[in-house]
Amino acid sequence: MQKTDTKISADLQKFIDKFEPNKFKMLSRGIEIRGNNDLYRSITFAKELIEKMKLKLAVHHSAEMAMYGGFEVVYL
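Residues numbered from 1 in each chain as written. Predicted model: local features only at pLDDT ≥ 70, side-chain atom pairs only at ≥ 80, totals over all residues. Heavy atoms only, no water.

Chemist: Pulling in residues and values, what's your account of the overall build of the protein chain?
Modeler: In terms of helices and strands, the protein chain carries 3 helices and 4 strands. Overall, the protein chain shows an N-to-C arrangement of helices and strands of α-β-β-α-β-α-β. The C-alpha radius of gyration of the protein chain comes to 11 Å, within 12% of the 11 Å expected for a compact globule of 76 residues. Taking all 76 residues of the protein chain together, the buried fraction comes to 41%. For the protein chain, the share of sequence-separated contacts (at least 6 apart) that also reach a separation of at least 24 residues comes to 49%. Within the structure as shown, the protein chain displays about 5300 Å² of accessible surface, and the carbon and sulfur contribution to it stands at 49%. Taking the average location of the 13 positive side-chain charges in the protein chain and that of its 10 negative ones, the two points are 4 Å from each other. (Helix = DSSP H or I, 4+ residues; strand = E, 2+ residues; numbered from the N terminus. Rg over C-alpha atoms; globule rule 2.2 N^0.38 Å. Buried < 20%, exposed > 50% of the residue type's maximum accessible area, 1.4 Å probe, protein only. Contact = heavy atoms within 4.5 Å. Areas by Shrake-Rupley, 256 points an atom, 1.4 Å probe, with all protein chains shown as cover. Lys, Arg positive; Asp, Glu negative; His and termini not counted. Charge placed at Lys NZ, Arg CZ, Asp CG, Glu CD.)

Chemist: Can you explain the environment of V74? Please cite residues and give values.
Modeler: For V74, the location among the structural elements is in strand 4 (residues 71–75). Taking relative accessible area as the criterion, V74 reaches 4% and is therefore assigned buried. Separated by 17 residues in sequence, V74 and L57 place their C-alpha atoms 5.4 Å apart. When near neighbours in sequence (up to four residues on either side) are disregarded, V74 contacts R29, G30, K56, L57, A58 and H60.

Here's what the structure looks like:
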C-alpha cells in the first residue's frame, strides 16, 4: 500500500483498509486504483463494499482506464 502525506477522508481511509489495493494513486477527489487483472470483479467488489459500509464514495471508470486495469474511487 502506498503512503502519502495527503489528508484522506475517513470514508476513503475505511475503503482503503477494507479493499487493500496493491497500487493506487492519490487524486484530489479520491484515489485511482491500478493494475487489476480482473477489472470487472474489482469494480463490482468496490461498489458492493461502498454500499455495504454506507460510504460517501463512488466508483468511476472509463475505457481509457480499463486499458491499464484501473478505476477511480472518488468522493461524492
